[in-house]
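Observations on the model geometry
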Amino acid sequence: MSELQVPTPCYLIDRTRLKENLAILDGIRQRVGCKILFSQKAFACYPFYSMMSRYLDGTAATGEYEAQLGHLYFHGENHVCSTVYRPEEMENLCKICDHITFNSPRQLHRFGGQAVAAGCKVGLRVNPELPLQRFSDYDPCAPHSRFGATLAQFPREDRRLISGLHVHALYEQNSDALEQLVDVVIRQYAGLLPSLEWINLGGGHALTRPEYDIDRLEKCVHRLQEYGLTVYLEPGEAIAWKAGLFVTTVLDIVENGLPVAILDASAVCHTPDVTELGYHPPLQQAVAEDKGRYLIRIAGRSCLPEDVFGDYCFDHPLQIGSQLVFEDMAINTITKAVMYTGMPLPCVAVKEPDGSCTVLHSFSFSDYKNRM
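Attention here is on the structure that accompanies the text. (Residues numbered from 1 in each chain as written. Predicted model: local features only at pLDDT ≥ 70, side-chain atom pairs only at ≥ 80, totals over all residues. Heavy atoms only, no water.)

Helix and strand content of the protein: 11 helices and 16 strands. Over its C-alpha atoms the protein spans a radius of gyration of 22 Å, differing by no more than 12% from the 21 Å that the globule rule assigns to 372 residues. Principal axes of the C-alpha set define a box for the protein whose edges measure 65 × 45 × 45 Å. Taking all 372 residues of the protein together, the buried fraction comes to 53%. Counting only carbon and sulfur atoms, one obtains 49% of the accessible surface of the protein, whose full area is about 17,200 Å². Here the protein contributes 33 positive and 45 negative side-chain charges, whose respective centroids are spaced 5 Å apart. (Helix = DSSP H or I, 4+ residues; strand = E, 2+ residues; numbered from the N terminus. Rg over C-alpha atoms; globule rule 2.2 N^0.38 Å. Buried < 20%, exposed > 50% of the residue type's maximum accessible area, 1.4 Å probe, protein only. Areas by Shrake-Rupley, 256 points an atom, 1.4 Å probe, with all protein chains shown as cover. Lys, Arg positive; Asp, Glu negative; His and termini not counted. Charge placed at Lys NZ, Arg CZ, Asp CG, Glu CD.)

Rendered as structure tokens:
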């Protein structure tokens, strides 16, 4: 396996795979008649925004900075849905956003009139109280959730301000979960839906995975379109799925019951889903357990004991200087990376269709210093 010609550590974005994912989404929106937004929180890498906007209808932001990024670099609609807004944010959001969604009736009451007066379409996030996640810690519909208004909390006084609903209850799921969600939403809000203009079904749709049932998705969308609604989906991970590599180098190998290879990267700082969610990313150089003669722990360079990528099997011993490449690492890496203990951030590069690699951005000490 030839080495990739990039400095390490490096987030390497595969333009070919990114386009393949975008083409799948473009096909869905063309056939089904829904609108698809790019949820920036998964992969806010704006050098690709101009290309991405040719396949999608706009962006979805969770706060002012993301909304500004979408406004500046993405051609299309600009939506924002935040858990809470500060008063000083609203003036700018009203200037740059097409849709502003409020998380609670109280926030709607406080800022909804301002948004409507600015010409924005106003939405309310609703909580369908439908737990669909395996772990309640990651479920926006778990008991005592802070996300969205329940049916019992739905406002009456400010109903006139609302042109649409936003509901997000999925996390990288197939359309069987979407079908359950649509069933509940229709049951709860059937009397309200004909008077609205749009509904946003949030993210968490694994649209680009081969096993995703697009026919069922189409039926779900059509059910809502029968109420005269424009239906929005806002995937993030589906857009960047398998479109990124994380390229690293082995700096040292220590022995403590098994070999531990220490990389020039950090799982905690650079790929936090590995340590926070227990994600075990595929490693190109590793082999299946029944074919590997060498079990090696791959660890990060920070001072934190939990800074471990995982245990992998190899058919040969690793050497200092070996390049290791983790797959499917565009999602929640660049956007969640931190500089704890002054850890340098990886550079960001693009792999073009001809195989050539170009560095888009590198970070330095000044990036760390200026954060303080």
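A contiguous nonpolar surface patch, about 310 Å² in accessible area, is contributed by Y46, L72 and Y73. With respect to the secondary-structure elements, Y46 resides in the loop between β2 (35–39) and α2 (49–52). Here Y46 falls in the partly exposed class, since its relative accessible area comes to 39%. (Patch = residues over 30% accessible without salt bridge, like charges linked within 9 Å, V, L, I, M, F, W, Y side chains within 5 Å. Salt bridge = Lys/Arg side-chain N within 4 Å of Asp/Glu carboxyl O.)

Moving on, we come to the packing of aromatic side chains. Inspection of every chain in the model, using the stated rule, returns 12 aromatic pairs. Between the aromatic rings of F38 and F74, the centroid separation amounts to 6.4 Å while the plane-to-plane angle is 25 degrees, which identifies the pairing as stacked. Pair noted here: F38 is in strand β2 and F74 is in the loop between α3 (64–73) and β4 (77–81), with a separation of 36 residues, a long-range link. Take F74: its relative accessible area is 5%, and that puts it in the buried class. Three or more aromatic residues joined by ring pairs form one cluster here, namely F38, Y49 and F74. (Phe/Tyr/Trp six-rings, centres within 6.5 Å; stacked < 30°, edge-to-face > 60°.)

Right, let's get into the sheet that holds strand β6 (residues 121–125). In spatial order, the strands read β2-β3-β4-β5-β6-β7-β8-β9; together these eight strands close into a barrel with parallel pairing. Strand-to-strand, the axes of this sheet are offset by a mean angle of 25 degrees, without reference to chain direction. Running at roughly 140 degrees to strand β5 (residues 99–102), helix α4 (residues 87–96) makes contact with β4 and β5 of the sheet. (Pairing = 2+ DSSP bridges. Axes fitted to C-alpha atoms, helices over the stretch in contact; angles between N-to-C directions. Contact = heavy atoms within 4.5 Å.)

Residues F43, I100, L165 and I298 are the most contacted members of the largest nonpolar core, which totals 101 residues. The element best represented in this core is helix α6 (residues 175–189), accounting for eight residues. Membership of the second largest hydrophobic core comes to nine residues, among which are V6, L245, V325 and C347. (Core = buried A, V, L, I, M, F, W, Y, C linked by side-chain atoms within 4.5 Å.)

It is worth spelling out the pattern of salt bridges at this point. Within this structure, the stated rule accounts for 15 salt bridges. Here R29 ties to D57 by a salt bridge, and the two come within 2.7 Å at their closest N and O atoms. Of the two residues, R29 is situated in helix α1 (residues 15–32) and D57 in the loop between α2 and β3 (58–61); the sequence distance between them amounts to 28 residues. On the basis of relative accessibility, which here comes to 14%, the residue R29 falls in the buried class.

A few words on the environment of M329. With respect to the helices and strands, M329 occurs in the loop between β14 (323–326) and β15 (347–351). Once residues lying within four places of it in the same chain are set aside, the contact partners of M329 are Y11, G244, L245, F246, T271, V274, Y279 and P281.

It is a general feature of regular strands that their side chains alternate between the two faces of the sheet. Sheet topology note: the β2/β3 ladder contains three bridges and is parallel. Pairing of L37 across the sheet is with G58, part of β3. Where β3 meets β4, four bridges bridge the pair, whose relative direction is parallel. Residue pairing across strands places A60 opposite H79, the latter belonging to β4. A crossover links β3 with its parallel partner β4, the connecting element being α3, and its sense is right-handed. (Right-handed = clockwise from strand over helix to strand, strands pointing away.)

A few words now on the pairing of β14. Side chains Q323 and V325 of β14 all project onto a buried face; the interleaved residues L324 and F326 project onto the opposite face, where all are buried too. Bridging between strand β10 (residues 244–255) and β14 involves four bridges; their strand directions are antiparallel. When the bridges of β14 are listed, F246 appears paired with F326.

Attention shifts here to the environment of T335. Counting through the fold element by element, T335 comes out in the loop between β14 and β15. When its relative accessible area of 31% is taken as the criterion, T335 is described as partly exposed. T335 sits 292 residues away from F43 along the chain, and the two C-alpha atoms are 6.1 Å apart. Non-local contacts of T335, meaning those with residues more than four positions away in its chain, are made with Q40, K41, A42, F43 and A44. At a separation of 2.9 Å, a polar atom in the side chain of T335 contacts the main-chain carbonyl oxygen of K41. (Polar contact = N/O pair within 3.5 Å; in protein donor to acceptor, adjacent residues only side chain to side chain.)

What follows concerns the side chain of T271. You can see T271 is positioned in the loop between α9 (267–270) and α10 (272–276). Here T271 falls in the buried class, since its relative accessible area comes to 1%. Those residues within four positions of T271 in sequence are excluded, and the remaining contacts are F246, S266, F309, M329 and T333.

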